[in-house]
Amino acid sequence: MRIIVATRNQGKLKEFERILSPLGYQVVGQEEVCPGVEVEEDGVTFAENAYKKAHEIFLRTGLPAIADDSGLCVDALGGAPGVFSARYAGEPHSDEACNRKLLKNLEGVPAEQRTARFVSAICCVFGEGDTLACEDSCEGTIGFEPRGTGGFGYDPLFLVGEKSFSELSGEEKDAVSHRGKALRTFARMMKERKEHC
Ligand code: IMP
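Enquirer: What am I meant to see in the pairing of strand 3 (residues 65–74) here?
Expert: Regular strands show a simple pattern: their side chains alternate between the two faces of the sheet. Where burial is concerned, most of strand 3 is hidden: ten out of the ten residues are buried. Side chains of strand 3 alternate between two faces, with A65, A67, D69, G71 and C73 and I66, D68, S70, L72 and V74 buried alike. Here strand 1 (residues 2–5) runs beside strand 3; their pairing, made up of two bridges, is parallel. Looking across to strand 3, one finds that I4 is bridged to A65. For strand 3 and strand 4 (residues 115–127), the ladder comprises ten bridges, and the chain directions are antiparallel. What sits directly across from I66, in strand 4, is C124.

See below:
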């Protein structure tokens, strides 16, 4: 099945490809079919924003479109940056600036209070009123300095056990990550949907 991924984030797109291609999906990024589209992410939940992005790309292409809205929720910051994760350090988006701001805001917070989770809300729009959605998360802690070179976004600061997401291989990250878990749930839901058709 061909599926358009409603994202301009190359890091995310790579993960969609890595996770969905082996499950039989032909993954196409939105830039390939409708370049330059920027969807305003003004929802108050990850799920709302995921629907908004997938719906917009579905409307423009007439093809099934899937989106992930995701972010990092840090307990010591009352759940911030949350849905504002991409814009935490303002526009234009810079991973380095976001990571610097996060470390600054956590200055003086001890290791045991640096708990956090990544959340991923997935929504696929097949047609008007015909959607499939799910959500998952990954628990971890925020480190004291960036570690590793892989991944994107807050990966160098997000620790699962001893290692940051940036220190894991793509496959190791997918096995435990919010997006990996949510996309595997999506694939299971798709299988059930087909069986009921
Ligand atoms: P959005 O879903 O486009 O609003 O952007 C989510 C933002 O959350 C990204 O720009 C990253 O900063 C962050 N984020 C989401 N998932 C991940 C991840 O797997 N690793 C690192 N950062 C992430």
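Enquirer: Mind showing me how you'd approach the site of the ligand here?
Expert: Residues in close proximity to the ligand total 18 residues, the closest being K12, E41, D155, K173 and R179. E41 is positioned such that a nitrogen or oxygen atom in its side chain is 2.7 Å from an oxygen atom of the ligand. Note that an oxygen atom of the ligand is positioned 3.2 Å from one of the side-chain N or O atoms of D69. About the coverage of the ligand: the protein hides 95% of its 490 Å² of free accessible area. Looking at the shell around the ligand, the elements with two or more residues in it are strand 3 and helix 6 (178–195). Looking at the shell around the ligand element by element, the count peaks at four residues for strand 3. Each residue belonging to the shell around the ligand can be placed in one class, and the counts come to four nonpolar, six polar and eight charged.

Analysis parameters
Residues numbered from 1 in each chain as written. Predicted model: local features only at pLDDT ≥ 70, side-chain atom pairs only at ≥ 80, totals over all residues. Heavy atoms only, no water. Buried < 20%, exposed > 50% of the residue type's maximum accessible area, 1.4 Å probe, protein only. Helix = DSSP H or I, 4+ residues; strand = E, 2+ residues; numbered from the N terminus. Pairing = 2+ DSSP bridges. Near = heavy atom within 4 Å. Polar contact = N/O pair within 3.5 Å; in protein donor to acceptor, adjacent residues only side chain to side chain. Areas by Shrake-Rupley, 256 points an atom, 1.4 Å probe, with all protein chains shown as cover. Nonpolar A, V, L, I, M, F, W, Y, C, P; charged D, E, K, R; others polar.

These figures capture arrangement, not role.
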